[in-house]
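These are the residues of each chain, in order.
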Amino acid sequence: MEKLQIFKGEPDKEGFHPFAVYRLPHYSNKPSYSKFANFLLHNIENIVPYPSCNKDIRALEVIGDTTNIDLAKCIGCLSCLATVRNPFELLVLDMREILAHIIQDFLRLERSLSNREIFNGDLFFPPTVTSLSATIKNMNEFTSQKEIEHIAFWSIIAFSFLSSDDKNWVGQEIHLNEPMSPRDSRLDVCCVSNSQVFVGETKVSLESMLNEDRYLAQIQNYSKSCERLIQQHNSMYGDDKNGDVFLLIGGSETDLLPPDDFRSTSQIGNKGKRFYRTIIGKEIKFISANAIWLSTLYSLVTKRRLCWDKLLPSIFSDESVIGLLTCGLVCMKNGGISVQPIPSTVLEKAEQAFH
Amino acid sequence: MHSLAQYLAASFADNKFLLNDLKYDSGSKLNIHNFCPLVENHPAVSFKVCPYLENPLSLAKCYLTQSIQEDTQKSKSASDAFRALEGLGFVSNAEGARKLTQAGHEFAEIEYYSKEMFSIIRTAMLGYGPFFGLLAQVLTNSNDKNVINRNGIALGYPETNEVISINGQDVQLSTASQDDTITRTRSLLITWAITSGFLLPKDFKKPKDQNYWHIDTLEYILKKKSTCTKFDVFVPESLFDGMHKIERPLEYDAMTKTTRALRERNQEDQRSLTLKYESIIQNRRYAIAYLLGIAAQKQTGVDFDKLINSLKSNGPTFVINQDKFKSVLQAELEIASITGIPFNIEDRILWPVSKINLDVLSIGAPKELRQFLDTIAESVFA
């Protein structure tokens, strides 16, 4: 079957169907340079609808009163399904059936996911589309280009979906006034869930990040500024928000493996070594886009939301942890860098049933 | 623009409308989308969308006018569309609001893909001052192979480089257009020139029948981005024989840019000072265009030196700095072209190559100013 119907029903009053559109909040910048402060306050200026399926993929189609996935183009990024807080209530098909159509080798994956065998040493690879009509074939290709439109926007949807708080909120390109910087910056991905604030600086790939060579200064500056602004917010409003800034890296996940890992693909040019040499000891933390994708897939398969605002504070509370990949935690211990599994008990504590 | 005119005709007929009425309104059954052939299907929705919006699902709905529900341009888009319709003669002032003119109704009624449309468009554009100024520049600056480079066209308010000393500090008046404005105006008017048979992108196949020029060039016009920098020129020299009349030149109030909107950082002093002298700048630019306009009627030229002396004799109206006035007025002569009355210069005599509607030019001008210029007109002629 070429097209898979996932929803049937009337559109909302703006003419949008579920799964087809994501409504992104934009925040006020009044007074000047206060966008991040307004973001923390959830002071929305307007809400802008965007297609949930990127225009470079165009796998989602609304035909009449139905929402459909074009299986010849779908790369299984899960963006459409993640736009709805509880997708199970609206889908016309069982989630399992949908995932079986859009994720290659789903039945094998399903077993591992159902047994909580994730982040435990094995890499997970998102599916690849084989159809010639697809312009983008897989998540690696998708996340490794057009940073703002692809990985950043996709991450916004994923983080909102993976928030434990139903009233979570997100923002993209939040302007940050940095007094010490000659130019102001923008925070690519921001999410608030309960008292946790996630800030992600997206990069399309390890190589691009190294070539640009700004990530160290960026993360250090953003961390200082965000910490200051969050503290200011807390003292002004009696709140208790905590936040952290992460690198959110797309492209080939195996490039991000520790250099001595036999699966690493960044030995040429010592790219991997250069990256780790830079970030170690500097409190820089990273997450691969694939790890977020895996968390989303896990949530959809098990019907247990793997909440970032419970998982990330837990795993990164250990100072030796510097990164998260689909195969587990990247840890710096005893002078060496290695991948360590996340204990399933930690995962279990970060889960929340859909309601 | 055609779709917008059709929408206005269907919604308002001969009744007045305001700026906000141009915008798309999700609460209304009738909108520009009902008439626009450019809207297209989008997979994420069951209705058609404007392909020119960066986010086609945006509630702005229409790139040309934005919408009542969402307008991140703060009415700038609608305002530009309004001014374009006015420039083309398709709408006219109606006690603070606007109405479609007879030409506007005709424009709306005729099928765009008809050959009658070509002459409607061409006539309308040739009546607009800045467009005529563009054609004059194109003809002057094209090479002997009748090719013009995009950078050979610069349409903007003149830069006079006037500096005023305030409390020991030198502040330059902001008299010229910003680069981005020049770029946008140029792009728009080049597009008009391509549509109406005066320019073609280099190596673009020349339409066989001129009456279908506006259709044959759609392939280029409808592109979202244009990277063409060279154009073949089809501007006839006969257009500048002094007989063509510009019915819609720039008006008095349009002789300067919107200085109130000057808002780049640290430009408060420049802005206040320019506002202080704005009427003098408007007066002298208006004087240049008006006197050239009368000279054109009399089929004569304006003596530049006599012009300087005559305007200097009424210092408070036209002069900021007596010593620099000659060089300033030299710079200000550029206003003639964008107003719609370009000229040739020979032995310091300015010979206008078109006529202009002096009443339209004088809209907003103080009555005494026009009267003064009428009295000195003969004295500045060649």
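Check the entry above for the structure.
Chains are numbered independently. Their residues run from 1 in the order of the written sequence. All chains are assigned letters beginning with A, and all ligands numbers beginning with 1, in the order in which they are written. The predicted origin of the model limits local features to residues at a pLDDT of at least 70 and limits the giving and counting of side-chain atom pairs to 80 or more, whereas totals for whole chains, interfaces and linings rest on all residues. The side-chain quantities take in all heavy atoms of the structure and omit both hydrogens and water.

The next point concerns a nonpolar patch on the surface. Residue and element names in this part refer to chain A. On the surface, Leu41, Met236 and Tyr237 cluster together into a nonpolar patch covering about 310 Å² of accessible area. Labels follow the DSSP assignment, with helices taken as runs of H or I lasting at least four residues and strands as runs of E lasting at least two, numbered in each case from the N terminus. Summarising the element assignment, leucine 41 is placed in helix α1 (residues 35-41). The buried label applies to any residue whose accessible area, calculated with a 1.4 Å probe on protein chains only, is under 20% of its type's maximum; exposed applies above 50%, and partly exposed to all values in between. When its relative accessible area of 35% is taken as the criterion, leucine 41 is described as partly exposed. Only residues whose relative accessible area exceeds 30% and that form no salt bridge enter a patch; like-charged residues are grouped when within 9 Å of one another, and nonpolar side chains (Val, Leu, Ile, Met, Phe, Trp, Tyr) when within 5 Å. Reported accessibility uses the Shrake-Rupley method at a 1.4 Å probe radius. Residues are deemed covered only where the shown protein chains occlude them. Salt bridges are counted wherever a side-chain nitrogen of Lys or Arg sits within 4 Å of a carboxyl oxygen of Asp or Glu.

All names here are of chain B. Positionally, lysine 312 belongs in helix α10 (residues 304-312). Lysine 312 sits in the partly exposed class, given a relative accessible area of 32%. Between the alpha carbons of lysine 312 and glutamine 322 there is a distance of 7.5 Å; along the sequence they are 10 residues apart. Contacts: residue pairs with any heavy atoms within 4.5 Å of one another. Every residue in contact with lysine 312, bar those within four places of it in the chain, is listed here: Val319, Gln322 and Phe325.

A word on the pairing of strand β5 (residues 169-172) of chain B. All names here are of chain B. We call two strands paired when DSSP finds no fewer than two bridges between them. Here strand β4 (residues 163-166) pairs with β5 via 4 bridges, running antiparallel. Bridge pairing in β5 links serine 165 to aspartate 170. Hairpin connection from β4 to β5: 2 residues lie between these consecutive antiparallel strands, with asparagine 167 at a positive phi of about 50°.

What follows deals with the packing of aromatic side chains. Aromatic pairing here means that ring centres of Phe, Tyr or Trp (its six-membered ring) are within 6.5 Å. Orientation follows from the plane angle: under 30 degrees is stacked, over 60 is edge-to-face, and everything else is tilted. Following the criterion strictly, the structure yields 29 aromatic pairs over all chains and no others. Measuring from ring centre to ring centre gives 5.6 Å for B:Tyr252 and B:Tyr286, while their planes differ by 85°; the resulting arrangement is edge-to-face. Within this pair, whereas B:Tyr252 is found in the loop between β8 (245-246) and α9 (268-297), its partner B:Tyr286 is found in helix α9, the two being separated by 34 residues in sequence. B:Tyr286 carries the same exposure label as B:Tyr252, and that label is buried. Taken together, the aromatic side chains of A:Phe159, A:Phe198, A:Phe246, A:Trp308 and A:Phe316 make up a single cluster linked through ring pairs.

We now examine the interface of chain B and chain A. At the junction of the two partners, chain B supplies 13 residues and chain A supplies 18 residues. In this description, buried area is defined as the sum, over both parts, of the accessible area (probe of 1.4 Å) that is lost when the two are combined. Between chain B and chain A, the buried area comes to about 1,200 Å², and carbon and sulfur atoms account for 58% of it. Connecting chain B to chain A are 0 salt bridges. Three classes are used: nonpolar for Ala, Val, Leu, Ile, Met, Phe, Trp, Tyr, Cys and Pro, charged for Asp, Glu, Lys and Arg, and polar for all others, with Gly counted as polar. For the side of chain B that touches chain A, a count of residues per class yields 6 nonpolar, 5 polar and 2 charged.

Nothing here speaks to function; it is all geometry.
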